[in-house]
Amino acid sequence: MTPDIQQSTLNKKSTGIGRVQSFRLPALLLSCLLVFSRTQAQQLPPIVDYKEKKTYEIGGVVVEGAESRDKNAIKSIAGLKEGTKIQIPGPLIPAAIKSLMKLRLFDDVRIIQEKVEGEVVFLRIVLVERPILTRWSYKGVKNSQHEDLNEFVKNILTKGGIVTDDQKELAKAKIREFYVGKGKLDVSVQVLEIPEESKANSVRIEFVIDPNERVKVAEIVFEGNKSFSPRKLRKKLKKTKQKGTLFKKSKFIDKEYKEDLKSLTTFYQNEGFKNMAILSDSVYRNAEGQVIVQINIDEGKKHFFRNIRWKGNSIYSEDQLYSVLGISKGDVYNPELLQNRLKFSQDGRDISSLYLDDGYLAFDVDPVEIAVENDSVDIEMRMFEGPQFAVDNVTIAGNDRTNEHIVRREIRTRPGQKFSRSNIIRSQREIINLGYFNPENLGINTPVNQSRGTVDIEYKLEEKPSDQLELSAGYGGFSGLIGTLGVVFNNFSLANVRDRSTWSPLPQGDGQKLSVRLQSNSRFFKSYNFSFTEPWLGGRKPRSFTIGAVQTAFDYSLSGAGKLKITRGYIGLGSQLKWPDDFFSSNTTLNIEQIELDNFRSGGFAITKGAFNNFSLRQTFIRSSISDPLFPRRGSKVTLSIQATPPYSLFRKDNTFTPTAEQREEIVRELKFEYGPARPVTESDIEAKINELREASKFRWLEYHKWKVTSEWYYNVVDKLVVATFAKFGILSPYNNEIGIPPFERFELGGDGINNQNAGLQGKEILAFRGYDTKDVTGNGERTSNGTFVGAPIYNKFTVELRYPLSLNPNSTIFATVWMQGANAYQKFSDYNPFDIKRSFGVGARVFLPMFGLLGFDYGWGIDKVVTDGNYGRFNIVLGFEPE
């Protein structure tokens, strides 16, 4: 006889239990009816009396309905194994059901007694699995937001797994939280579970989202504020802005609002109101559904510093400490300023730097308020100086391509030296300025050995691509399309040429720079450029050595415009200076250049024929404290450049060309050949030619002195927003006014540096001016028949930029700019007026790719440009350089 035992789940889908044990009356009645109907159709075993408990041995367990699960694991979790003793009725059956339901894998669990053979019972576990999740999707929002939503939904739901009500509610809450975090407080989210028709026991989840509009802050109201206006206090709420605020979106995000309340409190405390308190704040919605914020403030008294005492100092006197602290009796109480002057200040003016730069690594100072009377605060500086620490080991890791000595020679920390925080900061700057490593992942660890009184310094680096490939094209006006191909290897190694393992694609690792550049316009124009730099000549001191050569050739003889050829070689020596400080460097370059004109009429020169020699020495002094050359956030760079030739006219008896009779006859023959038989040679033609030769003879050996000053300043305003200012000035002067300013080495202002780069290759220095073309700057001088300009001997340019990085990834650095610029060129020093400038403003973006260098664009509007077609704007492309 085999009476049935049927126990069902205790969840809402429970079907009750059979004749063995009953938990609910409806289920018992249903079982009785089922048993009765079966009895009419077939013979069934008699009803067992459950009042008496009986112990059985489990002879077998069959699992039914869990096709995708491990059945042995199910038996193990249920605790029902063959050979186990079980009491019916008893606690093991309900416990087994509860254990399986806790897995949340099944909608229903039943345990049935199949048969009984003596003292042995056979059981069947019947399971109804939850459906499998195949996928999820979103409805009602843009595709661009799907990835953002997936970032947290994928941590809740799993494809191929089951989905529970709790998971759906959690995903719904996270989605709502995401949109509320964007100020969309009225977002609604529905979760639909849809059966998959193509796959049995499978479902997909669809999130139906209605973000609704962003809820704006209609008004921010302050009560109790007496010292500051509501407008100023609203500015201190950095993230919570009421509608109508310029350049700021109005939205209410609770988390940011609470941070703003802390910022408001900090502002008051730094203004001396140390006891300021926010008594209450209310946030509610008006009839239009917008947010009203009301903040009730108790300002309290304004406090001032009174007595500041030092305790525990033995290395430095109180006068020295007061001098560094820079806070006097009667100054407004400002806890933020106090902490900056004690712990860490951007300019290095703080007490901690005083000690940490002298080896006192364990130094600490704790300012304690020992008395507060009326509006006065007394502070006691409790100091722990500790022992001096020395640098033990200096290790460098992560330099996979760059040789270790290249990094080690740049760092300022040496074994055996006293520990110095400023040396570590300076070493970090020098490593970044190499340009070989990712500044975002540069790590510096300082493990301390207390027993030995030493500290190890570990520099953890991450190599980044530093070589560049330049591919560009620019339209050069009369020269047409110019193509450029250039490669720059910034971490070249001449010593590893024979070591093929260092080639990638050329030998690398020694910090040398190799540059090769080719520009061409087919047969009309060719330019070749080569340079090599060794930054540490001899390997012991930072003395750089540079050698290079440039050749440029124009051939417009087919159009009657003649030929131009410039050949230049240069050699330079640079060194790091220690005076006035070690941010200074010096560079001396010797230039040897020859300019050959053959009836060349396309450069804007008064001279069209002859060979001219430009032998000059350029001395450059640079002070640079820029922290990151790719995207500077702070620091400055000031450059003074002086380029001069020998004063040849001082050594010549006669600087005026007077032709001999033979030379005059040669001039007549040349003119007859040039004009042909159709036109006779007149005396005025001869005199014009003689005047041209007279001009050419004056400049056969160019003589001049050229001065240039440039400055760059960077200031990190807030977060990553940077203000950058630039100023440039240049002047070209003669030694002898009778000789005058040479036609070469002049300045030409305007364009983007690409459209008019031919002029730069023709002996002029090009200064990009955003928003203006060269023709818009009258100071560039006379315009020749072919559209070129003679150039200017004087110019100045000023720029202010706001920069914000969109990506600081070293493989793709991107930042946006908003800028204003003013510049002008002048033909005479008497015309020079630094306030007589042409102005422009605009927007732009820059993308730095390691293999291609700097790419970008600007769109500028010239405020003072004379326009006839109504178009004040100009689009400039930036390739390979920065046109500040």
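The structure we're discussing is the one just above.
First, a word on scope: everything that follows refers to the structure included in this document. Note that the coordinates shown come from a computational prediction; the quantities given were computed from them, not determined experimentally. (Residues numbered from 1 in each chain as written. Predicted model: local features only at pLDDT ≥ 70, side-chain atom pairs only at ≥ 80, totals over all residues. Heavy atoms only, no water.)

### A look at the pattern of salt bridges
For the coordinates displayed, the defined rule picks out 42 salt bridges. Here Asp364 and Lys343 are joined by a salt bridge, their closest N and O atoms 2.6 Å apart. Taken together, the positions of Asp364 in strand S13 (residues 364–373) and Lys343 in the loop between helix H9 (335–342) and helix H10 (351–356) put the pair 21 residues apart, joining distant regions of the chain. On the basis of relative accessibility, which here comes to 39%, the residue Asp364 falls in the partly exposed class. Residue classification places Lys343 among the partly exposed positions, given a relative accessible area of 30%. The partner of Arg770 in a salt bridge is Asp858, and the shortest N-O contact between them spans 3.5 Å. Taken together, the residues span a long stretch of sequence, with Arg770 in the loop between strand S31 (765–767) and strand S32 (794–809) and Asp858 in strand S35 (residues 853–862) at a distance of 88 residues. Taking relative accessible area as the criterion, Arg770 reaches 1% and is therefore assigned buried. Residue class for Asp858 comes out buried when judged on its relative accessible area of 0%. (Salt bridge = Lys/Arg side-chain N within 4 Å of Asp/Glu carboxyl O. Helix = DSSP H or I, 4+ residues; strand = E, 2+ residues; numbered from the N terminus. Buried < 20%, exposed > 50% of the residue type's maximum accessible area, 1.4 Å probe, protein only.)

### Quick word on the nonpolar core
Counting 29 residues, the largest nonpolar core has Leu564, Ile595, Leu597, Phe612 and Leu749 as the members making the most contacts within it. Going through the elements one at a time, strand S23 (543–556), strand S24 (562–576), strand S25 (584–598), strand S30 (747–749) and strand S33 (812–826) are the ones with two or more residues in this core. Formed by 23 residues, the second largest nonpolar core is a distinct cluster that contains Tyr56, Val63, Phe106 and Leu127. (Core = buried A, V, L, I, M, F, W, Y, C linked by side-chain atoms within 4.5 Å.)

### Some words on the sheet that holds S13
The three strands lie next to each other as S12-S14-S13, forming an open sheet whose pairing is mixed. Both edges of this open sheet fall to strand S12 (304–311) and S13, since each of them pairs with a single strand only. Across the sheet, the mean angle separating the axes of adjacent strands is 25 degrees when strand polarity is ignored. For S12 and strand S14 (residues 376–384), the ladder comprises six bridges, and the chain directions are parallel. Bridged to Lys311 within S14 is Arg382. Where helix H8 (residues 318–325) meets the sheet, it contacts S12 and S14, and its direction lies at approximately 140 degrees from that of S12. Running at roughly 150 degrees to S13, H9 makes contact with S12, S13 and S14 of the sheet. (Pairing = 2+ DSSP bridges. Axes fitted to C-alpha atoms, helices over the stretch in contact; angles between N-to-C directions. Contact = heavy atoms within 4.5 Å.)

### Quick notes on H9
Since the α-helix advances by 3.6 residues per turn, residues separated by three or four positions end up pointing in the same direction. The set of residues buried in H9 consists of Leu338, Arg341 and Leu342. One side of H9 holds all its buried residues, which, seen down the axis, span an arc of 95 degrees. Residues of H9 that are buried sit in contact with S12, H8, H10, S13 and S14. You can read the cap of H9 off the contacts: a side-chain oxygen lies 3.1 Å from the backbone nitrogen of Glu336, and it is on Asn334. (Arc of directions from axis to C-beta. Polar contact = N/O pair within 3.5 Å; in protein donor to acceptor, adjacent residues only side chain to side chain.)

### Notes on the packing of helix H2 (residues 71–78) against helix H3 (residues 92–102)
Across the interface, H2 lies against H3 with an axial gap of 8 Å and an inter-helix angle of 125 degrees. Between H2 and H3, the angle is such that the two are oblique. In contact with Ile74, Ile77 and Ala78 of H2, H3 contributes Ala96, Ser99 and Leu100. Residues that form the contact of H2 with H3 fall into these classes: five nonpolar, one polar and no charged. (Parallel < 35°, antiparallel > 145°, perpendicular 65-115°, else oblique. Nonpolar A, V, L, I, M, F, W, Y, C, P; charged D, E, K, R; others polar.)

### Re the packing of helix H13 (residues 661–675) against helix H14 (residues 683–698)
Packing of H13 against H14 leaves a shortest axis separation of 10 Å and a crossing angle of 115 degrees. Here H13 is positioned roughly perpendicular relative to H14, judged by the angle of their axes. Helix-helix and strand crossings are classified by hand; for H13 and H14 the assignment is right-handed. Contact with H13, carried on its side by Arg664, Ile667, Val668, Glu670, Leu671 and Tyr675, involves Glu683, Asp685, Ile686, Glu687, Lys689, Ile690 and Leu693 of H14 and no other residues of that element. Here the residues of the contact of H13 with H14 are counted per class, giving seven nonpolar, no polar and six charged. (Left-handed = near helix turned anticlockwise from the far one by under 90°.)

### A look at the pairing of strand S4 (residues 106–117)
Two faces belong to every sheet, and in a regular strand the side chains alternate between them. Bridge count for S4 against strand S5 (residues 120–129) is ten bridges, and the pairing is antiparallel. Counterpart to Ile111 in the pairing with S5 is Ile125. A loop of two residues connects S4 with S5, the two strands running antiparallel in sequence, and Gly118 in this loop sits at a positive phi of about 70 degrees.

### Remarks on the environment of Leu325
Here Leu325 is to be found in helix H8. Between the alpha carbons of Leu325 and Leu338 there is a distance of 7.9 Å; along the sequence they are 13 residues apart. Apart from the residues within four sequence positions on either side, Leu325 is in contact with Ile308, Trp310, Leu338, Arg341, Leu342, Arg349, Ile351 and Met381.

### Brief notes about a positive patch on the surface
Taken together, Lys182, Arg214, Lys216, Lys243 and Lys249 make up a surface patch of like positive charges. Considering the arrangement of structural elements, one finds Lys249 in the loop between helix H6 (230–236) and helix H7 (254–270). We classify Lys249 as exposed; its relative accessible area is 59%. (Patch = residues over 30% accessible without salt bridge, like charges linked within 9 Å, V, L, I, M, F, W, Y side chains within 5 Å. Areas by Shrake-Rupley, 256 points an atom, 1.4 Å probe, with all protein chains shown as cover. Lys, Arg positive; Asp, Glu negative; His and termini not counted. Charge placed at Lys NZ, Arg CZ, Asp CG, Glu CD.)

### Regarding the packing of aromatic side chains
All chains considered together, the criterion is met by 29 aromatic pairs. Relative to Trp861, the ring of Phe841 lies with its centre 5.4 Å away and its plane at 25 degrees, an arrangement referred to as stacked. You can see Phe841 sitting in strand S34 (residues 838–849) and its partner Trp861 sitting in strand S35, a full 20 residues away along the chain. Pairwise contacts between aromatic rings join Phe228, Phe267, Tyr268 and Phe273 into one cluster. The positively charged end of Arg500 is found above the aromatic ring belonging to Trp503, 4.2 Å away from the centroid. When the ring centre of Tyr772 is taken as origin, the NZ or CZ atom of Lys865, which lies over that ring, is 5.9 Å away. (Phe/Tyr/Trp six-rings, centres within 6.5 Å; stacked < 30°, edge-to-face > 60°. Lys NZ or Arg CZ within 6 Å of the ring centre and 35° of its normal.)

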